[in-house]
Amino acid sequence: MHINRLVECFLREKGIAPTKLGRLVARDPRLVLDLRMGREFRPEMETKIRRYIAANAPQLDSGKDMPA
């Protein structure tokens, strides 16, 4: 699943603010907002985000796309 979609699904499922996720993952409250504006992450940061999401919502990172 593309990182943008994975993050958006996680936010929707957990009901948390984008700024909170950014703080939890990277101490960067603008992380998700920058992602939405087209920021591309280094592989290390993308791995960090995926690991955080997998640890907190394993069903989202199962490799299957969620319905639109």
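Everything numeric here is computed off the predicted structure, so don't read it as measured data.

J.: Help me understand the overall build of the protein in this model?
T.: Along the backbone of the protein there are 4 helices and 0 strands. In the protein, the succession of helices and strands from N to C terminus is α-α-α-α. Scored against the burial criterion, the 68 residues of the protein give a buried share of 29%. Counting contacts in the protein only where the partners sit at least 6 residues apart, residues at least 24 apart contribute 55% of the total. In the form shown here, the protein has an accessible surface area of approximately 4,600 Å², with 51% of it arising from carbon and sulfur atoms.

J.: For this particular structure, what's the right way to read the nonpolar core?
T.: In globular proteins that are soluble, nonpolar side chains generally tend to be buried together. Ranked by internal contacts, the top residues of the largest apolar core, which has 16 residues, are Ile3, Val7, Leu21, Leu31, Phe41, Ile49 and Ile53. Those residues in contact with isoleucine 49 that lie beyond four places of it in its chain are Ile3, Val7, Val25, Leu31 and Phe41.

J.: Just to check I follow, could you spell out the packing of helix H1 (residues 3-14) against helix H4 (residues 43-56) for this structure?
T.: Two quantities define a packed helix pair, namely the angle between the helix axes and the distance between the axes. Axis separation between H1 and H4 bottoms out at 11 Å; the angle between their running directions is 35 degrees. The hand of the H1/H4 crossing is left-handed. On the side of H1, the interface is formed by Ile3, Leu6, Val7, Phe10 and Lys14, while H4 contributes Glu46, Ile49, Arg50, Tyr52, Ile53 and Asn56. Split by residue class, the contact of H1 with H4 holds 7 nonpolar, 1 polar and 3 charged.

J.: Would you take a moment to explain the packing of aromatic side chains for this structure?
T.: Two numbers describe a pair of aromatic rings. These are the distance of the centres and the angle of the planes. If you walk through the whole model with that rule in mind, you get 1 aromatic pair. Judged by centre distance (6.1 Å) and plane angle (80 degrees), the ring pair of phenylalanine 10 and tyrosine 52 falls under edge-to-face. One end of the pair, phenylalanine 10, is in helix H1; the other, tyrosine 52, is in helix H4, with 42 residues separating them in the sequence.

J.: Is there a simple way to think about the environment of methionine 45 in this case?
T.: Among the structural elements, methionine 45 can be located in helix H4. For methionine 45 and valine 25, which are 20 residues apart along the polypeptide, the C-alpha to C-alpha distance reads 9.0 Å. Not counting chain neighbours up to four residues away, the residues in contact with methionine 45 comprise Ala26 and Leu31.

J.: Mind showing me how you'd approach the confidence of the model for the protein here?
T.: Keep in mind that low pLDDT regions are not for reading the predicted coordinates in detail. On average, residues of the protein carry a pLDDT of 88, and 84% of them reach 70 or more. The secondary-structure element of the protein with the lowest mean pLDDT is H1, recorded at 95, while helix H2 (residues 18-26) shows the highest, at 97.

J.: Mind showing me how you'd approach unusual backbone geometry here?
T.: Only a minority of non-glycine residues have a phi that is not negative, and only a minority of peptide bonds are not trans. Even without being glycine, arginine 27 reaches a positive phi, approximately 55 degrees. The residue arginine 27 is located in the loop between H2 and helix H3 (31-36) in this model.

Analysis parameters
Residues numbered from 1 in each chain as written. Predicted model: local features only at pLDDT ≥ 70, side-chain atom pairs only at ≥ 80, totals over all residues. Heavy atoms only, no water. Helix = DSSP H or I, 4+ residues; strand = E, 2+ residues; numbered from the N terminus. Buried < 20%, exposed > 50% of the residue type's maximum accessible area, 1.4 Å probe, protein only. Contact = heavy atoms within 4.5 Å. Areas by Shrake-Rupley, 256 points an atom, 1.4 Å probe, with all protein chains shown as cover. Core = buried A, V, L, I, M, F, W, Y, C linked by side-chain atoms within 4.5 Å. Axes fitted to C-alpha atoms, helices over the stretch in contact; angles between N-to-C directions. Left-handed = near helix turned anticlockwise from the far one by under 90°. Nonpolar A, V, L, I, M, F, W, Y, C, P; charged D, E, K, R; others polar. Phe/Tyr/Trp six-rings, centres within 6.5 Å; stacked < 30°, edge-to-face > 60°. pLDDT = per-residue confidence, 0-100.

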